[in-house]
Amino acid sequence: MLKLDRIVKLLPAQIAEKYAEQIELFAELDSTNEYLLNSAKTTTVATGVCIAETQTAGRGRNNKKWQSPPGSNLYFSQLIQVPQKNTLNGVTLVSGIILCQILREMTELPCLVKWPNDLYIANKKIAGILTEVAVDPKGQRFLVIGIGVNIALPQSILAELPSATDLASHGLIEFDRELLVAKLISNIDQSISSVLQDGWLSYHQLWQQYDLLLDQSIFVKTANQSYQGIAKGVTPEGYLQVEMNGEIKQFSAAEVSISTL
Ligand code: BTN
C-alpha cells in the first residue's frame with residue numbers, strides 16, 4: 001500500500017501546503033474519477049487527489065473499461081477548479097505531456113503520447129488519461145484528471161490485451177510509485193495553473209517531441225465516419241491534423257490508430 005506521509009514528504013513545500021490535507025488513499029474504490037467527481041459537488045476546496053490500490057469500475061475514454069487489478073499499478077485522480085471561461089483542450093493534451101515527461105525521467109524509456117493523451121512505449125499502451133468535468137451546485141467547474149499507469153499487470157491481463165504493456169515488461173521491477181505520485185501532483189498542479197493563466201501555446205511547441213503519431217499513416221474514427229491519412233501534429237487549439245489527398249483535415253475528437261500496427 002502507498003504511504004501517504006512519504007508522498008507528502010516528497011512534495012515541494014508550496015504544493016505540500018496546498019495538498020497535504022487533500023490526498024486520500026483507498027485500498028479499493030469503484031473509480032477514483034467517480035469519487036472526485038462526486039466529492040466536487042460537495043467540496044469546499046479547490047483541489048484534491050484520490051488514489052486507489054484497485055478499482056472495481058475503473059473507466060477509460062469512450063466508455064471502455066480500465067483494467068484495475070490490485071498489486072502495483074497506479075490509479076490516480078487529481079481535482080482542480082477551473083474557471084468557466086477557460087477552454088479545456090490544452091489541459092487534456094498538457095496532462096499527457098506531463099505524464100510522458102515524468103515517465104521518461106523516472107524510467108529512461110522512450111515514452112510517447114498518442115493524441116490526445118494515451119501514453120505508449122514501443123508501440124504499446126503503458127498509461128491512459130481520462131479527463132472529466134463536474135459542476136457544483138454554485139456553478140463552479142472542476143476538472144478531474146484520472147491517470148492509470150500499468151506498472152506490473154498480471155500475465156493473464158497482458159495476454160488478453162495485446163496492445164497493452166507495463167513497466168515490468170521493460171525491466172522495471174522496482175518502481176517508486178510514491179515518487180511518481182508526488183511528481184504528478186506537483187507537475188499537474190503547476191502546468192494546469194500555467195495553461196489556465198497563459199494558454200497552452202508554450203506546450204504546443206513541446207508537443208512534437210512527444211508525438212507518437214507524427215508523419216505516421218493513421219486511421220481516424222469519429223462518431224459517424226472513418227478516415228485514413230498521415231498525422232501532421234496538432235493545431236494551436238489542440239486539434240489533430242491529418243493530411244488526406246493533399247489537404248489537411250482537423251479533428252477535435254476521434255479514436256486514432258496507427259495503420260501499420
Ligand atoms: C483511457 O486510456 O481510456 C483512460 C484510462 C484512465 C484510467 C484512470 S485509472 C484512474 C482513473 N479512474 C478511472 O476510473 N479512470 C481513470
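Criteria and cut-off values
- Residues numbered from 1 in each chain as written.
- Predicted model: local features only at pLDDT ≥ 70, side-chain atom pairs only at ≥ 80, totals over all residues.
- Heavy atoms only, no water.
- Pairing = 2+ DSSP bridges.
- Helix = DSSP H or I, 4+ residues; strand = E, 2+ residues; numbered from the N terminus.
- Polar contact = N/O pair within 3.5 Å; in protein donor to acceptor, adjacent residues only side chain to side chain.
- Contact = heavy atoms within 4.5 Å.
- Buried < 20%, exposed > 50% of the residue type's maximum accessible area, 1.4 Å probe, protein only.
- Arc of directions from axis to C-beta.
- Axes fitted to C-alpha atoms, helices over the stretch in contact; angles between N-to-C directions.
- Salt bridge = Lys/Arg side-chain N within 4 Å of Asp/Glu carboxyl O.
- Parallel < 35°, antiparallel > 145°, perpendicular 65-115°, else oblique.
- Left-handed = near helix turned anticlockwise from the far one by under 90°.
- Nonpolar A, V, L, I, M, F, W, Y, C, P; charged D, E, K, R; others polar.

Undergrad: Give a detailed account of the pairing of strand S1 (residues 23-26), specifying residues and quantitative values.
TA: Across four bridges, S1 lies against strand S2 (residues 47-52) in parallel orientation. Its bridge partner being in S2, Glu 24 is matched across the sheet by Cys 50.

Undergrad: I'd love a proper account of the side chain of Asn 33, names of residues and values included.
TA: Summarising the element assignment, Asn 33 is placed in helix H3 (residues 32-40). Within polar-contact distance, the side chain of Asn 33 engages the backbone oxygen of Leu 130 at 3.2 Å. Not counting chain neighbours up to four residues away, the residues in contact with Asn 33 comprise Arg 59, Ser 77, Leu 130, Glu 132, Val 144, Ile 145 and Gly 146.

Undergrad: Break down H3 for me, citing the residues and quoting the values.
TA: Every buried residue of H3 is accounted for by Thr 32, Asn 33, Leu 36, Leu 37 and Ala 40. Around the axis of H3, the buried residues are gathered within 135° of arc, so they sit on the same side. Looking at the buried side of H3, the elements it contacts are S2, strand S3 (74-81), strand S6 (124-135) and strand S7 (141-149). Its side-chain oxygen at 3.2 Å from the backbone nitrogen of Asn 33, Ser 31 defines the N-terminal cap of H3.

Undergrad: Residues and numbers for the sheet that holds strand S5 (residues 118-121), please.
TA: Strand order in the open sheet formed by seven strands is S1-S2-S3-S7-S6-S5-S4, with mixed pairing between adjacent strands. One side of each edge strand has no neighbouring strand; the edge strands of this open sheet are S1 and strand S4 (111-114). Between one strand axis and the next, the sheet turns by 20° as a mean value, whatever way the strands run. Sheet strands touched by helix H4 (residues 89-107): S4, S5, S6 and S7. Its angle to S4, the strand with the most contacts, is close to 165°. Sheet contacts for helix H6 (residues 177-198): S1, S2, S3 and S7; angle to S3, the most-contacted strand, approximately 30°.

Undergrad: Tell me about the pattern of salt bridges, and please be specific about residues and values.
TA: In a structure, side chains of opposite charge can pair up when their charged atoms sit close to one another. Scanning the entire structure with this criterion turns up 12 salt bridges. A salt bridge links Glu 53 to Arg 177; the nearest nitrogen and oxygen atoms lie 3.2 Å apart. With Glu 53 in the loop between S2 and S3 and Arg 177 in helix H6, this pair connects stretches of sequence that are 124 residues apart. A single burial state applies to Glu 53 and to Arg 177, both of which are buried. Its salt-bridge partner being Glu 255, residue Lys 64 comes within 2.9 Å of it at the nearest N-O pair. Highlighted residues: Lys 64 in the loop between S2 and S3 and Glu 255 in strand S12 (residues 255-258), separated in sequence by 191 residues. The partly exposed category is assigned to Glu 255, whose relative accessible area is 32%. The network of salt bridges with common partners includes Arg 61, Lys 114, Asp 118 and Lys 125.

Undergrad: Mind laying out the packing of H4 against helix H7 (residues 201-210), listing which residues take part and the relevant values?
TA: In contact at an axis separation of 10 Å, H4 and H7 are set at 50° when each is read in the N-to-C sense. If you check the angle between H4 and H7, you find them oblique. With respect to the hand of their crossing, H4 and H7 are arranged in left-handed fashion. Counted together, Leu 93, Val 94, Ile 97, Ile 98, Cys 100, Gln 101 and Arg 104 of H4 and Tyr 203, Leu 206, Trp 207, Gln 209 and Tyr 210 of H7 form the full contact between these two elements. Its residues assigned to classes, the contact of H4 with H7 shows nine nonpolar, two polar and one charged.

Spatial relationships are all this shows, so hold off on functional conclusions.
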